[in-house]
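Listed below, chain by chain, are the residues.
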Amino acid sequence: MCENTRTKTQTQYASGKNLHARGNFHATYSNKNWFRWVADRLTLAPGMRLLDVGCGAGWFWANIAGSLPKGLHLTLLDQSPALLTEAGKNVRSTGRFAEIDVIVGDATELPFDAETFDVVTAMHMLYHVPAKSVAMEEAFRVLRPGGTGHVTTNSEENFRAVMTLGNAAYGGPDLDPAAVLFGPEDASNLLQDRFTDIETRVYQDTYAVDHAPDVVAYLTSMPPGNEASDEQLEQLLYLTEAAITAGGGVLNVLRESVLVSGKST
Ligand SMILES: C[S@@+](CC[C@H](N)C(=O)[O-])C[C@H]1O[C@@H](n2cnc3c(N)ncnc32)[C@H](O)[C@@H]1O
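Residues numbered from 1 in each chain as written. Predicted model: local features only at pLDDT ≥ 70, side-chain atom pairs only at ≥ 80, totals over all residues.

Student: Explanation requested: helix H11 (residues 230-246) in the structure shown.
Tutor: Structurally, the α-helix is built with 3.6 residues per turn, so residues lying three or four positions apart point the same way. Between its first and last C-alpha, H11 extends 24 Å over 17 residues, near the 24 Å set by a 1.5 Å rise per residue. Of the positions making up H11, those classed as buried are Leu236, Thr240 and Ala243. Seen from one end, H11 has its buried residues packed into an arc of 60°, which puts them on one side. Turned more than 90 degrees off the buried face of H11, the exposed positions are Asp230, Glu231, Thr245 and Ala246. For H11, the secondary structure elements touched by its buried residues are helix H7 (160-170), helix H10 (212-219) and strand S7 (251-264). (Helix = DSSP H or I, 4+ residues; strand = E, 2+ residues; numbered from the N terminus. Expected span 1.5 Å × (residues − 1). Buried ≥ 20, exposed ≤ 12 C-beta atoms within 10 Å, placed from the backbone. Arc of directions from axis to C-beta. Contact = placed C-beta atoms within 7 Å.)

Set out below in structure tokens:
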């Protein structure tokens with residue numbers, strides 16, 4: 001992995017602070033349940049062996065645990081020891097899985113034998129990985145034939161209204177940077193190389209944001225907002241308040257993410 005990118009990603013996730021800032025934004029304003037929506041499309045069956053690459057704080061599994069089939073064996077892998085510790089606690093406290101393994105590791109070098117898992121997920125994480133095709137080959141290698149691989153990411157339109165404010169205040173990108181690095185088409189093309197039956201499903205929600213500091217907290221949880229000066233952040237707050245006022249008390253923000261799935265041959 002490119003050393004500079006790896007270090008920046010490790011710094012961003014050295015603690016759970018940044019991921020929590022973004023999680024809070026979703027928890028405050030979402031009208032639908034993203035985790036549930038994804039879970040409904042994974043077709044899990046009792047006793048399956050699952051691997052979640054870049055699991056973060058394990059929110060996905062903790063959120064949907066109550067409705068999962070019994071007897072699942074879940075392996076959580078992340079490069080961040082701090083987030084992985086949180087993930088282990090969050091997911092174990094559900095008492096819902098037959099077995100949970102928690103492993104510090106890298107998506108491009110999975111420490112598992114070939115054909116170990118029935119399902120591999122990589123949710124909102126491949127945009128952090130420079131060697132995406134290596135990560136995809138690794139996911140394919142550890143899946144049994146007929147197993148399924150699932151990738152989630154954002155579309156370029158995701159959070160456009162928020163990105164536009166960051167752009168005006170400190171020259172940040174006006175499109176979702178995750179989508180620019182790894183958007184829906186990139187995800188589909190990546191899976192095409194090894195998987196069959198590729199399917200892209202789109203998730204949309206509209207957030208009615210009414211508190212300007214929430215936008216500041218979201219944008220400063222990631223580059224380049226995390227490096228903005230105090231003056232630039234004051235400007236961001238001012239512009240966000242003005243946008244909320246102009247919207248009659250709310251800033252409507254489109255959330256658009258995708259789930260791209262394929263079958264291992
Ligand atoms: C945006 S978070 C997504 C967390 C979780 N999948 C979710 O959807 O809530 C990205 C996660 O990917 C992890 N990550 C980034 N690069 C990685 C790599 N090369 N190998 C393993 N984990 C990685 C980060 O530490 C972080 O926990």
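Student: What is the right way to read the site of the ligand from this model?
Tutor: Around the ligand, a shell composed of 19 residues is seen, among which Tyr13, Gly54, Gly56, Ala107 and Met125 lie nearest. Tallied by class, residues from the shell around the ligand come to 10 nonpolar, seven polar and two charged. (Near = placed C-beta within 6 Å. Nonpolar A, V, L, I, M, F, W, Y, C, P; charged D, E, K, R; others polar.)

Student: Sorry, what's going on with the pairing of strand S1 (residues 49-53) here?
Tutor: For a regular strand, the rule is simple: side chains alternate between the two faces of the sheet. Within S1, five of the five residues are buried, which leaves it mostly tucked inside the rest of the structure. Of the two faces of S1, the one lined by Arg49, Leu51 and Val53 and the one lined by Leu50 and Asp52 are each fully buried. One ladder, built from five bridges, connects S1 with strand S2 (residues 73-78); its direction is parallel. When the sheet's bridge partners are listed, Val53 is paired in S2 with Leu77. (Pairing = 2+ DSSP bridges.)

Student: Is there a simple way to explain the packing of H7 against H10 in this structure?
Tutor: Contact geometry of H7 with H10 gives a least axis separation of 11 Å together with a crossing angle of 80°. Here H7 lies roughly perpendicular to H10, going by the angle between them. Of the residues in H10, those touching H7 at Val162, Leu165 and Gly166 are Val215, Tyr218 and Leu219. Considered class by class, the residues forming the contact of H7 with H10 number five nonpolar, one polar and no charged. (Axes fitted to C-alpha atoms, helices over the stretch in contact; angles between N-to-C directions. Parallel < 35°, antiparallel > 145°, perpendicular 65-115°, else oblique.)

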